[in-house]
Amino acid sequence: MARTDTSVDTPVKDGGDLAGLEAGLDALETVESGRTPLRETLLRKVLPPVTAVALVLVVWQLLVWAKVAPDYKLPSPAAVWSEVETAWLQGTLLDYIWTSVSRGLLGFLLALAIGTPLGLLVARVGFVRAAIGPILSGLQSLPSVAWVPPAVIWLGLNDSMMYAVILLGAVPSIANGLVAGIDQIPPLFLRAGRILGATGLREARHIVLPAALPGYLAGLKQGWAFSWRSLMAAEIIASSPDLGVGLGQLLENGRNNASMSQVFLAIFLILLVGIAIDLLIFSPLERRVLRGRGLLVKG
């Protein structure tokens, strides 16, 4: 009789433990998935970078007061701010930014359109991977500035030259990021997709790309960094009235005019654009991807 009771109670106990475990996990996700209050967001995400910027400005001003370098080598924050005001009053500040940002974003979108199918092809076709994979890795390690002289000779001083340099810098990073993401897909996902009828383009759209999204996103971030760096290199080296004045050309003009305040202004604007693109585009995408995979449950 005791044996019969034990055999009956054991499944009930196991089922109860499993149900309790599932309920606990559900409760844990429910508690942690709430949106962070605005005050906590400001304290955790806004206050630290603002404090860091303020600290840099204080140290910078102290170095100026200590005269560790002549004024023409180390301008004060006030001198750089004066350059900002002058460019704003002249109506050129936003033009500098937009000239470079529009080129960078368009070039990045073109690199995205080329690098994504190229990455899929390299990752899924063994012969193509053996033939092109090492070349992509070599191109990714090649400094973007090396492409500026041949691009000028081939295409001339025009926007096509700028976009060519951006593509040569960004496409390998995007393709390699996607290849790395695809390589990390569990084979079970691919087999399950084929059983359900996902083959060819359907497999790439519904199985491969979603599963490789974290690695692909990392490649996109690196691709944008290479796009921006390639564009700055092209604008610094290649100058023409037809190209307008972007941030790279502004930096070069400051060097030619021996104006360190203008050089610092260009550097800060280049840095500001890079930070803004990351905060407004890539960071939200990254949080969404991680949250969708249960890797980010708060914030």
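Scroll up to find the structure.
Note that the structure is predicted; figures quoted are calculated from it, not measured.

**Q** When you look at the pattern of salt bridges in this model, what are you seeing that I'm missing?
**A** If charged atoms from side chains of opposite charge come close, those side chains can pair. According to the stated counting rule, one finds six salt bridges in the structure shown. For Arg-129, the salt bridge identified is with Asp-183, shortest N-O distance 2.5 Å. Remark: Asp-183 occurs in helix H7 (residues 159–183) and Arg-129 occurs in helix H5 (residues 126–141); sequence separation between them is 54 residues. What makes Asp-183 partly exposed here is its relative accessible area of 43%. Two residues, Glu-286 and Lys-221, come together in a salt bridge whose shortest N-O distance is 3.4 Å. In this pair, Glu-286 sits in helix H12 (residues 260–292) while Lys-221 sits in helix H10 (residues 213–237), placing the two residues 65 residues apart along the sequence. Residue class for Glu-286 comes out partly exposed when judged on its relative accessible area of 33%.

**Q** Even after reading the chapter, I still don't get the packing of aromatic side chains, so can you show me in this structure?
**A** Aromatic ring pairs are reported here in terms of the distance separating the ring centres and the angle at which the planes meet. Taken as a whole, this structure holds six aromatic pairs when the rule is applied. Taking the centre distance of 5.5 Å and the plane angle of 35° together, the rings of Trp-60 and Phe-264 count as tilted. Here the residue Trp-60 occupies a position in helix H2 (residues 38–65), and Phe-264 occupies one in helix H12, the gap between them amounting to 204 residues. For Phe-264, a relative accessible area of 18% puts it in the buried group. Relative to Trp-228, the ring of Trp-224 has its centre 5.6 Å away and its plane inclined at 20°; by these criteria the two rings are stacked.

**Q** Whenever I open this one, a nonpolar patch on the surface confuses me. Can you help?
**A** Taken together, Leu-105, Leu-271, Ile-275, Leu-279, Leu-280, Ile-281 and Leu-285 make up a surface patch of nonpolar side chains, about 640 Å² in accessible area. Counting residues per element, the nonpolar patch draws most heavily on H12, at six residues. Within the element layout of this structure, Leu-285 appears in helix H12. Judged by its relative accessible area of 38%, Leu-285 is partly exposed.

**Q** Hey, could you run me through the environment of Phe-282 in this one?
**A** Looking at the element boundaries, Phe-282 is found in helix H12. With a relative accessible area of 5%, Phe-282 lands in the buried category. Distance from Phe-282 to Leu-220, taken between C-alpha atoms, is 8.5 Å for residues 62 residues apart in sequence. Residues in contact with Phe-282, not counting those within four places in the same chain, are Phe-108, Leu-217, Leu-220, Lys-221, Trp-224 and Ile-277.

**Q** Please explain the environment of Tyr-96 as it appears in this structure.
**A** By secondary structure assignment, the location of Tyr-96 is in helix H4 (residues 93–124). For Tyr-96, a relative accessible area of 15% corresponds to the buried category. Taking the C-alpha atoms as reference points, Tyr-96 and Gly-248, separated by 152 residues in sequence, lie 9.0 Å from one another. Each residue touching Tyr-96, except ones within four places of it in the same chain, is listed here: Ala-87, Val-245, Gly-246, Leu-247 and Leu-250.

**Q** What is the right way to look at the side chain of Ser-173 in this model?
**A** Position of Ser-173 relative to the elements: it lies in helix H7. Contact partners of Ser-173, with chain neighbours within four places excluded, come to Gln-140, Gly-219, Gln-222, Gly-223 and Phe-226.

Procedures and definitions
- Residues numbered from 1 in each chain as written.
- Predicted model: local features only at pLDDT ≥ 70, side-chain atom pairs only at ≥ 80, totals over all residues.
- Heavy atoms only, no water.
- Salt bridge = Lys/Arg side-chain N within 4 Å of Asp/Glu carboxyl O.
- Helix = DSSP H or I, 4+ residues; strand = E, 2+ residues; numbered from the N terminus.
- Buried < 20%, exposed > 50% of the residue type's maximum accessible area, 1.4 Å probe, protein only.
- Phe/Tyr/Trp six-rings, centres within 6.5 Å; stacked < 30°, edge-to-face > 60°.
- Patch = residues over 30% accessible without salt bridge, like charges linked within 9 Å, V, L, I, M, F, W, Y side chains within 5 Å.
- Areas by Shrake-Rupley, 256 points an atom, 1.4 Å probe, with all protein chains shown as cover.
- Contact = heavy atoms within 4.5 Å.

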